Amino acid sequence: MSKSIICGVHAVESALRNDTENLGQIWLDKRSRNDRLKKLEKMAEENGMRVFLIDEDKLDKMAGNNRHQGIVAEYYKLKAWTENDFYDMLDGMSEPPFLLVLDGVTDPHNLGACLRTAEGAGVHAVIAPKDNAASITPTVRKVASGAAEIIPFIPVTNLARTLETLKSRGIWLTGTSDKAKQTLYQADLKGPMALVMGAEGAGIRRLTEESCDYLISIPMAGQVSSLNVSVATGVCLYEALRQRQKS
């Protein structure tokens, strides 16, 4: 099991609430004793965790380029979901699957934001290619504010093949594209569905687009032609959630 660090109040609090078995030592800024840090210190101690009070400059070195907000924790590798694990999960579900597919999102901040939004919208799993795409890193975990520890993240070797498998299981694929003939608000996003979002700037790849059952677009009333992928993902997922809650 590999070891890394997580930084920031939200990421550490989520790990303390959902994944204490993978937490190691915790370090707090000994000068910053605000209520949020005191709460986390108490949670850690109640879970039998070791908490060390250290200087801010040492926290800076441990966190590297990540903002630590006065707390850093030792963290062991998240559960590595395989495609077989994912299909087993689908087989055991009693409700229509609601999935997010990210086709080549490379920016870790965008991946973290997508994971956070997906977890909030009730998505069951996020699927992404193993190659030429962002993976789960400390930066992703911090931006995701705990969602990376909760929502299954499924890296796949061959995205096109995975999409075909989803279709064979009765899951409809809805992709986002400026070529779409219907808007997000005209589409039916209920039932077993996977929303397919493309990479920053380039959008979904041709083979991925061809695998989709439907294409949708987000209406743009201003002068810019598109939204950031994490913002677009949020818009689409919450429209899907709205429809699914009404059905």
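Sequence order as written defines residue numbering, which begins from 1 separately in each chain. Residues qualify for local features only when their pLDDT is at least 70, as the model is predicted, and side-chain atom pairs are given and counted only at 80 or more; totals for whole chains, interfaces and linings, by contrast, use all residues. With hydrogens and water set aside, each side-chain value is computed from the structure's full complement of heavy atoms.

(A) Geometry of the sheet that holds strand E4 (residues 71-76). Here, strands pair whenever DSSP counts at least two bridges between them. Put simply, DSSP marks the helices as runs of H or I at least four residues long and the strands as runs of E at least two long, and each gets a number from the N terminus on. Read across the open sheet, the 4 strands follow the order E1-E4-E2-E3; overall the sheet is mixed. In the strand order of this sheet, the two ends are held by strand E1 (3-7) and strand E3 (51-54), each with one partner. On average, each strand axis in the sheet is tilted by 25° relative to the strand beside it, whichever way the strands run. In this analysis an axis means a line fitted to C-alpha atoms, helices contributing only their contacting stretch, and an angle means the value between N-to-C directions, from 0 to 180 degrees.

(B) Just the packing of helix H1 (residues 9-18) against helix H2 (residues 35-46), in detail. Contact pair H1 / H2: the axes reach a minimum separation of 10 Å and the direction vectors enclose 25°. Classified by the angle their axes make, H1 and H2 are roughly parallel. Between H1 and H2 lies a crossing of left-handed hand. Counted together, Val9, Glu13, Leu16 and Arg17 of H1 and Arg36, Leu37, Lys39, Leu40, Met43 and Ala44 of H2 form the full contact between these two elements. Think of it as three bins: nonpolar holds Ala, Val, Leu, Ile, Met, Phe, Trp, Tyr, Cys and Pro, charged holds Asp, Glu, Lys and Arg, and polar takes everything else, Gly as well. Across the contact of H1 with H2, the residue classes break down as 6 nonpolar, no polar and 4 charged. In these notes the angle categories are as follows: under 35 degrees is roughly parallel, over 145 is roughly antiparallel, 65 to 115 is roughly perpendicular, and the rest is oblique. Left-handed describes a crossing whose near helix is turned anticlockwise from the far helix by less than a right angle; the clockwise case is right-handed. The criterion used for residue contact is that any of the two residues' heavy atoms lie within 4.5 Å.

(C) Seen up close, the packing of helix H4 (residues 83-91) against helix H7 (residues 159-168). One way to put it is that H4 packs onto H7 with a least axis distance of 13 Å and a crossing angle of 15°. With respect to each other, H4 and H7 are oriented roughly parallel. Relative to H7, the crossing made by H4 is right-handed. Facing Glu83, Phe86, Tyr87 and Leu90 of H4, the residues of H7 in contact are Thr162, Thr165 and Leu166. Among the residues making up the contact of H4 with H7, the classes are represented as 4 nonpolar, 2 polar and 1 charged.

(D) Up close: the UniProt feature "binding site: S-adenosyl-L-methionine" (unreviewed entry) in the protein. According to UniProt, the positions carrying the feature "binding site: S-adenosyl-L-methionine" (unreviewed entry) are Gly198, Ile218 and Leu227. For the residues just named, distributed over 30 residues, the greatest C-alpha separation is only 13.1 Å, placing them together at one site. One can find isoleucine 218 in the loop between strand E11 (214-217) and helix H9 (229-246). Contacts of isoleucine 218, omitting those with residues within four sequence positions, involve Leu227, Ala232, Val235 and Cys236. You can see leucine 227 is positioned in the loop between E11 and H9. Setting aside chain neighbours within four positions, we find leucine 227 in contact with Ile218, Met220, Ala232 and Val235. UniProt positions are given in the numbering used here, feature names are shortened, and annotations may be inferred rather than shown by experiment.

(E) Spatial organisation of the packing of aromatic side chains. Centres within 6.5 Å are what make two rings of Phe, Tyr or Trp a pair, Trp counting through its six-membered ring; a difference in plane orientation under 30 degrees is then read as stacked, over 60 as edge-to-face, and the rest as tilted. Per the stated rule, a full pass over the model turns up 2 aromatic pairs. Between phenylalanine 86 and tyrosine 87, the aromatic rings sit 5.4 Å apart at their centres with planes inclined by 45°, giving tilted as the arrangement. Summarising the aromatic geometry, the rings of tryptophan 172 and tyrosine 214 are spaced 5.9 Å apart at their centres and angled 35° between planes, so their arrangement reads as tilted. With a gap of 42 residues between them, tryptophan 172 in strand E8 (residues 172-176) and tyrosine 214 in strand E11 connect regions that are remote in the sequence. Its end group placed over the ring of phenylalanine 98, arginine 244 keeps NZ or CZ at 4.4 Å from the ring centre. Charges are assigned to positions over rings by a cutoff of 6 Å between ring centre and Lys NZ or Arg CZ, combined with an angular limit of 35 degrees from the ring normal.

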